Amino acid sequence: MRDTRVRNFMEATLQTVDLNLTSIDVVAVDETLALEGILIAEECKEFLDELVDLRQTLRDGHEITEEAIGKFLKELADLQYVICHCAVAFGLPFNTAFN
């Protein structure tokens, strides 16, 4: 379901979907790999920033707030989205691999 929602959005916004990694269009594959890498790296950094903040809160002896949990969850969801985005871009069966 998640990949269907991502796919629908990507198709509606004319983004690359189902690009075969072994395509003879190596420029398209390379550009898409670069974009997906950038998206995942950016979201991974944002997720890790929130994770570090949570750990620091605990080390400082404070309780983790609902707001902090919400920020952490948002970044976790964003990371999952860009990972799914990458799978859809290359037509990879992410749900199958996940299971």
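These numbers come from a predicted model, not from an experiment.

**Focus: the pattern of salt bridges**
Enumeration according to the criterion identifies six salt bridges in this entry. The partner of Glu 11 in a salt bridge is Arg 7, with the nearest N and O atoms 3.7 Å apart. Pair noted here: Glu 11 and Arg 7 are both in helix α1 (residues 2–12), with a separation of four residues, about one helical turn. Here Asp 49 ties to Lys 45 by a salt bridge, and the two come within 2.8 Å at their closest N and O atoms. Taken together, the residues Asp 49 and Lys 45, both in helix α2 (residues 26–59) and four residues apart, mark about one turn of the helix. Given the relative accessible area of 34%, Asp 49 is considered partly exposed.

**Notes on the confidence of the model for the protein**
Mean pLDDT over the protein works out to 94, with 99% of the residues at or above the 70 mark. Within the protein, the lowest mean pLDDT, 80, falls on helix α4 (residues 94–98), and the highest, 98, falls on α2.

**Re α2**
Between its first and last C-alpha, α2 extends 48 Å over 34 residues, near the 50 Å set by a 1.5 Å rise per residue. Of all the positions in α2, only Ala 28, Val 29, Thr 32, Glu 36, Glu 43, Phe 47, Glu 50 and Leu 54 are classed as buried. Where the residues of α2 are buried, they touch α3 (66–89). Gly 61 occupies a position one or two residues after α2 and carries a positive phi of about 80°.

**Brief notes about the packing of α2 against α3**
The N-to-C vectors of α2 and α3 enclose an angle of 165°; their axes lie 9 Å apart at closest approach. On the basis of the axis angle, α2 is roughly antiparallel to α3. Handedness of the α2/α3 crossing: left-handed. On α3, the residues touching Thr 32, Glu 36, Leu 39, Ile 40, Glu 43, Cys 44, Glu 46, Phe 47, Glu 50, Leu 51 and Leu 54 of α2 are Ala 68, Lys 71, Phe 72, Glu 75, Leu 76, Asp 78, Leu 79, Val 82, Ile 83, His 85, Cys 86 and Ala 89.

Procedures and definitions
- Residues numbered from 1 in each chain as written.
- Predicted model: local features only at pLDDT ≥ 70, side-chain atom pairs only at ≥ 80, totals over all residues.
- Heavy atoms only, no water.
- Salt bridge = Lys/Arg side-chain N within 4 Å of Asp/Glu carboxyl O.
- Helix = DSSP H or I, 4+ residues; strand = E, 2+ residues; numbered from the N terminus.
- Buried < 20%, exposed > 50% of the residue type's maximum accessible area, 1.4 Å probe, protein only.
- pLDDT = per-residue confidence, 0-100.
- Expected span 1.5 Å × (residues − 1).
- Contact = heavy atoms within 4.5 Å.
- Axes fitted to C-alpha atoms, helices over the stretch in contact; angles between N-to-C directions.
- Parallel < 35°, antiparallel > 145°, perpendicular 65-115°, else oblique.
- Left-handed = near helix turned anticlockwise from the far one by under 90°.

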